[in-house]
Amino acid sequence: MLEASGLHKRFGNQIALAGFDLRIEAGEICGLLGHNGAGKTTFARICAGLEHPDAGGVRIGGLDADCRAAHALVGLAPQEIALYPTATLRENLRFYGQLAGIGRSRLRAEINDITASMMLTKVLDRTVATLSGGQQRRAQAATALLHRPAVLLLDEPTAGADPTTRQALLAVVRDRAAQGAAVCYTTHYLPELEELDATIAVAQTGRIIARGDRRKLLSGLPSLLEIGFAAEPSGALDEQVVDGTLRITTDRPAQTLTRILTSLGDRSEQVERVEIREPTLDDLYRHLTRTATETERVH
Ligand SMILES: Nc1ncnc2c1ncn2[C@@H]1O[C@H](COP(=O)(O)OP(=O)(O)OP(=O)(O)O)[C@@H](O)[C@H]1O
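Keep in mind that what you see is a predicted model, and the values were worked out from it rather than measured.

When helices and strands are counted, the chain shows 10 helices and 13 strands. Compactness check: the chain gives a C-alpha radius of gyration of 24 Å against a globular reference of 19 Å for 299 residues, more than 25% above the reference. Judged by the C-alpha coordinates and their principal axes, the chain covers about 80 × 45 × 30 Å. Residue pairs at least 24 apart in sequence account for 68% of intrachain contacts in the chain once pairs closer than 6 positions are excluded. Of the roughly 15000 Å² of accessible surface on the chain, a fraction of 50% belongs to carbon and sulfur atoms. Here the chain contributes 34 positive and 37 negative side-chain charges, whose respective centroids are spaced 8 Å apart.

Written out as structure tokens, the structure reads:
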């Protein structure tokens with residue numbers, strides 16, 4: 001549904017994108033991760049036709065992202081609020097809905113539907129300037145969702161949201177993907193990607209450095225085995241026990257634990273606690289971005 005290939009973009013001396021490739025299928029939620037300045041926003045703006053790449057291109061449903069027909073297929077919720085502050089939320093949504101070409105009676109129904117899903121019904125007739133920061137962000141996301149776009153680009157939509165409204169927004173995103181939308185979801189809050197059952201794309205210095213199924217990417221990382229001792233098993237192990245705890249990163253935690261218990265012999269009675277911590281998305285992100293930075297330093 002969305003296919004970006006070989007995107008390059010420069011702002012003066014600043015390189016924003018340097019060979020950025022990303023494909024997102026219909027019905028897929030892709031979590032786009034990356035440090036500040038990795039190029040995520042520039043990519044989203046190019047997809048929405050708001051910026052033009054210096055090289056490469058984006059296709060939306062087979063159409064060039066620069067054409068009007070492609071623009072109609074895209075909904076972008078940017079980080080910054082782009083609503084009229086002195087108009088009410090209803091007036092803003094009407095304006096954006098009309099721009100998207102939604103007919104009058106469908107527009108009324110869509111406004112009611114999206115504001116109910118986003119827990120914004122009560123503030124529909126308040127001016128945007130009087131809404132809280134979190135409400136304004138949700139209102140911004142509502143404008144992107146209103147015309148039920150086939151491609152949804154959401155740039156940190158839950159920043160500043162409380163737990164209840166965060167859940168409401170995630171439910172809408174899951175719902176839209178279930179209806180067939182391709183979703184590009186930028187976040188720095190990784191547990192959300194578990195909740196969305198998202199695939200992962202990691203951007204660094206203008207390129208995608210890892211892409212794919214979350215579980216597959218995680219399965220390439222070691223687990224952490226922690227063994228707590230009631231008394232130091234001095235001399236029995238090759239590994240160092242610090243403050244009564246032995247910590248080992250290992251691809252095979254069960255086998256490593258068996259080896260350690262065997263080496264301990266009778267002293268295994270001193271083991272008080274065993275914990276195996278599976279790698280998290282945070283570990284994956286740190287691992288990928290560190291590896292990519294080290295590779296860049298070598299070359
Ligand atoms: N209009 C612009 N003029 C100059 N430089 C820009 C412009 N837009 C982006 N850049 C630069 O391009 C690079 C990529 O920026 P971009 O906003 O795409 O990153 P990002 O991954 O979205 O970051 P963040 O997580 O902070 O939102 C940065 O170095 C940024 O300073």
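From this point, things continue past the structure.
Running from amino to carboxyl end, helix H3 (residues 89-99) crosses helix H4 (residues 104-117) at an angle of 125°, the nearest separation of the two axes being 10 Å. With respect to their mutual orientation, H3 and H4 come out oblique. Relative to H4, H3 is oriented so that their crossing is right-handed. Of the residues in H4, those in contact with Leu89, Arg90, Leu93, Arg94, Gly97 and Gln98 of H3 are Leu107, Ile111, Asn112 and Thr115. In terms of residue class, the contact of H3 with H4 is built from four nonpolar, four polar and two charged.

Below, the discussion takes up unusual backbone geometry. Excluding glycine, a negative phi dihedral is what most residues carry, and trans is how most peptide bonds are arranged. Although it is not a glycine, Glu156 adopts a positive phi angle of roughly 50°. When you line up the elements, Glu156 lands in the loop between strand S7 (151-155) and helix H6 (163-178). The phi dihedral of Asp197 falls on the positive side, at around 50°, and the residue is not glycine. On the secondary structure map, Asp197 appears in the loop between helix H7 (191-195) and strand S9 (199-204).

The local shell around the ligand holds 13 residues, among which Gly37, Lys40, Thr41, Thr42 and Gln79 are the closest. Contacts to the ligand include Gln14, whose side-chain N or O atom sits 3.1 Å from an oxygen atom. Take Ala38: an N or O atom from its main chain is 3.0 Å from an oxygen atom of the ligand. Among the secondary structure elements, those contributing two or more residues to the shell around the ligand are strand S2 (14-24) and helix H1 (40-47).

So, on to the side chain of Arg176. Relative to the helices and strands, Arg176 is located in helix H6. Among buried Asp, Glu, Lys and Arg side chains, Arg176 stands out as unpaired, with Asp113 the closest opposite charge at 4.7 Å. Apart from residues no more than four positions distant in its own chain, Arg176 is found in contact with Ile114, Leu145, Arg148, Pro149, Leu152 and Ala181.

Before going further, it helps to spend a moment on the domain arrangement of the chain. For the chain, the assigned domains are domain 1 (2-216) and domain 2 (222-278). Between the C-alpha centres of domain 1 and domain 2 there is a distance of 46 Å.

This brings us to H3. All buried positions along H3 are accounted for by Leu89, Asn92, Leu93 and Gly97. Each buried residue of H3 lies within a common arc of 130° when the element is viewed along its axis, so the set occupies one face. Summarising the geometry of H3, the exposed residues directed more than 90 degrees from the buried face are Gln98 and Leu99. In this structure, the buried side of H3 is in contact with H4 and helix H5 (133-145). Downstream of H3 by one or two residues, Gly101 has phi in the positive range, about 80°.

Here we come to the UniProt feature "domain: ABC transporter" (unreviewed entry) in the chain. UniProt annotation of "domain: ABC transporter" (unreviewed entry) refers to residues 2-230 when read in the numbering used here. Its end C-alpha atoms 56 Å apart, residues 2-230 is made of 34% helix and 30% strand.

Enumeration according to the criterion identifies 18 salt bridges in this entry. A salt bridge links Glu110 to Arg106, with the shortest nitrogen-to-oxygen separation between them at 3.1 Å. With Glu110 and Arg106 both in helix H4, this residue pair falls four residues apart, about one helical turn. What makes Glu110 buried here is its relative accessible area of 8%. In the salt-bridge network here, residues are joined through shared partners; they are Glu194, Asp197, Asp213, Arg214 and Arg215.

Parameters and conventions
- Residues numbered from 1 in each chain as written.
- Predicted model: local features only at pLDDT ≥ 70, side-chain atom pairs only at ≥ 80, totals over all residues.
- Heavy atoms only, no water.
- Helix = DSSP H or I, 4+ residues; strand = E, 2+ residues; numbered from the N terminus.
- Rg over C-alpha atoms; globule rule 2.2 N^0.38 Å.
- Contact = heavy atoms within 4.5 Å.
- Areas by Shrake-Rupley, 256 points an atom, 1.4 Å probe, with all protein chains shown as cover.
- Lys, Arg positive; Asp, Glu negative; His and termini not counted.
- Charge placed at Lys NZ, Arg CZ, Asp CG, Glu CD.
- Axes fitted to C-alpha atoms, helices over the stretch in contact; angles between N-to-C directions.
- Parallel < 35°, antiparallel > 145°, perpendicular 65-115°, else oblique.
- Left-handed = near helix turned anticlockwise from the far one by under 90°.
- Nonpolar A, V, L, I, M, F, W, Y, C, P; charged D, E, K, R; others polar.
- Near = heavy atom within 4 Å.
- Polar contact = N/O pair within 3.5 Å; in protein donor to acceptor, adjacent residues only side chain to side chain.
- Buried < 20%, exposed > 50% of the residue type's maximum accessible area, 1.4 Å probe, protein only.
- Salt bridge = Lys/Arg side-chain N within 4 Å of Asp/Glu carboxyl O.
- Domains from an automatic or database assignment.
- Arc of directions from axis to C-beta.
- UniProt positions renumbered as here; feature names shortened; annotations may be inferred.

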